[in-house]
Amino acid sequence: MALPLFLPCAAGVEDYLAEEVKQVLPAAAVQATRGGVALEGGPDEVMALNLECRLPQRVLIEVAEGPYHGEDDLYALARSVDWTQWITPRHTLRVDTTAQRSPLRSLNFAALRTKDAVCDAMREATGERPSVDTQRPDLALVLHLGPERASLYVDSSGEPLFKRGWREDKGDAPLKETLAAAMLAAAGWRGTPEAGGALHDPCCGSGTIAIEAAQIACGIAPGLKRRFAFERLLPFASAEMRAQWQRLKSHAQSRIRPSAVPIIASDVSFRMVDFARRNAQRAGVEAAIAFHGGDALERPAPPLPPGLQGTLMLNPPYGERIEVGGKAARPSAQDRDTPDDFFARLATHWKRAYTTHPAGWTAHVLSPDMKLPSAMRLKESRRIPMWNGPIECRLFRFELVPGTMR
């Protein structure tokens, strides 16, 4: 039976996520809404979305929805679900709560009443209550409270989907994989000579952008190396559903191919380059990425075939996350702001090193500084709103061409 599904994502990513879901499920009726994408689907769709989608934070299954005025209404809403179809008393559960203009004073009490409803329903049906596990529950529930209506979801993903299963070596401020995928989607980079061409991240850190790009270019599904919460729930536990899950993973495995475009990752810190290389090895894409050390202000443009375009994609250090290193570093470690002339010098380097390639380069820079183009003395061709966690940013696109680059 099909149920309403909701895939939450970062603000500004909704339209890209809707397109991605349509690629995974061509027959689905997909609706982009504020904060995510809504559609309907059953277990097959839930498994496919978890396995294949790069942009959402989770895949949520709506099991109850209705009006509420207080916690007793939430208790009744949760009691309306037949929980014996989802878990046994031996399963564990947890309830998380989100709210938007909710009149309730305590979200913790709302979560407690919802948990009580599930446990009471299970005890009434089976004579036993399931236990609570706040770390790794079998059944993770998400209660969303609006001004007048509440929705209760089963979280089929478990750990957030940005946790692909390959990252072990991290830098000081690692970029989430879902944001890296959103940057690539917004740039129109698809890992082919026709859509984006070669990719170079000159501030690669622990390698998130390059690894995400390499998995796209190699056709590697983002969920192949991890497990999901739905694997422990009853609707997915039958022999038929387990066989279908294996078929989905086998099909995804069969699509893996060599990258058709060069992918280059470099960083001023050789330690971070080593981290990136080890992460790429775990992600199965070490052979698809050329790793180098070197300052972004000095490293020459990668040599490319004359007809292959190039894409620079970078999430440079900014004061709210991490200091700038290399030639741009300030002498004092107490000053965590980006040096005033870093981006101007970067643009000068790009003009010298990247504008002679016949097929051209484009640069995409994620930054919270809305005046970045002025600092770089460049005219952006696009500025796309994106959020890096709580930090509001823009993804600026610059066409690197000879002359003033305005």
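Heads up: these notes are all about the structure in this document. (Residues numbered from 1 in each chain as written. Predicted model: local features only at pLDDT ≥ 70, side-chain atom pairs only at ≥ 80, totals over all residues. Heavy atoms only, no water.)

### A short note on the sheet that holds strand S1 (residues 3-8)
Sheet strands line up and pair through hydrogen bonds in the backbone, either parallel or antiparallel. As summarised here, the arrangement of the eight strands in space is S2-S3-S1-S4-S8-S7-S5-S6, forming an open sheet in which the pairing is mixed. Edge positions in the sheet fall to strand S2 (31-33) and strand S6 (131-132), since each has one partner strand and no second. Judged from the two bridges that link them, strand S5 (residues 92-99) and S6 form a sheet pairing that is parallel. Across the sheet, residue Thr92 finds its bridge partner in S6, namely Ser131. In the packing of helix H3 (residues 71-79) onto the sheet, the strands contacted are strand S4 (60-67), strand S7 (139-145) and strand S8 (149-155), and the crossing angle to S4 comes to about 130 degrees. (Pairing = 2+ DSSP bridges. Helix = DSSP H or I, 4+ residues; strand = E, 2+ residues; numbered from the N terminus. Contact = heavy atoms within 4.5 Å. Axes fitted to C-alpha atoms, helices over the stretch in contact; angles between N-to-C directions.)

### Examining helix H4 (residues 107-126)
Between its first and last C-alpha, H4 extends 29 Å over 20 residues, near the 28 Å set by a 1.5 Å rise per residue. When H4 is considered as a whole, its buried residues turn out to be Ala110, Ala111, Arg113, Thr114, Lys115, Asp116, Ala117, Val118, Cys119, Asp120, Ala121 and Met122. In this structure, the buried residues of H4 make contact with H3, S5, S6, S7 and S8. Between a side-chain oxygen at the N-terminus of H4 and the backbone nitrogen of Asn108 the separation is 3.5 Å; the capping residue is Ser106. Backbone geometry just downstream of H4 places Gly127 in the positive-phi region, at approximately 85 degrees. (Expected span 1.5 Å × (residues − 1). Buried < 20%, exposed > 50% of the residue type's maximum accessible area, 1.4 Å probe, protein only. Polar contact = N/O pair within 3.5 Å; in protein donor to acceptor, adjacent residues only side chain to side chain.)

### A closer look at the layout of surface pockets
When its volume is computed, the largest pocket comes out at roughly 1,200 Å³. In terms of lining residues, the largest pocket is bounded by 44 residues, among which Phe6, Pro8, Cys9, Gly35 and Gln57 are the most central. Contributions of two or more residues to the lining of the largest pocket are made by S1, S4, S5, S7, S8, helix H5 (177-186) and strand S14 (382-388). Of all the elements, S8 adds the most residues to the lining of the largest pocket, at five residues. For the lining of the largest pocket, the per-class residue count stands at 24 nonpolar, eleven polar and nine charged. Its volume calculated, the second largest pocket comes out at about 680 Å³. Taken together, 21 residues line the second largest pocket, and the ones lying closest to its centre are Glu20, Gln23, Glu52, Arg54 and Ile216. Looking at the lining of the second largest pocket, the elements that each hand over two or more residues are helix H1 (14-24), H5 and helix H6 (208-217). (1 Å grid on protein atoms, 1.4 Å probe; cavity = no way out; pocket = protein on both sides within 12 Å on 5 of 7 lines; lining within 4 Å. Points joined across faces, edges and corners; volume = space filled by probe spheres on them. Nonpolar A, V, L, I, M, F, W, Y, C, P; charged D, E, K, R; others polar.)

### Quick look at the packing of aromatic side chains
According to the stated counting rule, one finds eight aromatic pairs in the structure shown. Ring centres 5.0 Å apart and planes at 75 degrees place the aromatic pair Phe342 and Phe343 in the edge-to-face group. Where Tyr354 meets Trp361, the ring centres are 5.0 Å apart and the plane angle is 90 degrees; that geometry is what we call edge-to-face. Residues Tyr354 and Trp361 agree in their burial class; the two are buried. (Phe/Tyr/Trp six-rings, centres within 6.5 Å; stacked < 30°, edge-to-face > 60°.)

### Section: H3
In an α-helix, one turn spans 3.6 residues; hence positions three or four apart end up facing the same way. Taken together, the buried positions of H3 are occupied by Glu71, Leu74, Tyr75, Leu77 and Ala78. Summarising the axial view, the buried residues of H3 lie within an arc of 160 degrees, below the 170-degree limit, and thus occupy one face. In this structure, the buried residues of H3 make contact with S4, H4, S7 and S8. (Arc of directions from axis to C-beta.)

### Focus: the pairing of strand S10 (residues 263-267)
Most of S10 sits out of view: five of its five residues are buried. Of the two faces of S10, the one lined by Ile263, Ala265 and Asp267 and the one lined by Ile264 and Ser266 are each fully buried. Note: strand S9 (residues 198-201) against S10, three bridges, orientation parallel. Note that in S10 the partner of Asp201 across the bridge is Ala265. Inspection of the sheet shows S10 paired to strand S11 (residues 289-293) by five bridges, in the parallel sense. Following the sheet pairing, Asp267 is matched in S11 by Gly293. The handedness of the S10 to S11 crossover, carried by helix H8 (residues 270-283), is right-handed. (Right-handed = clockwise from strand over helix to strand, strands pointing away.)

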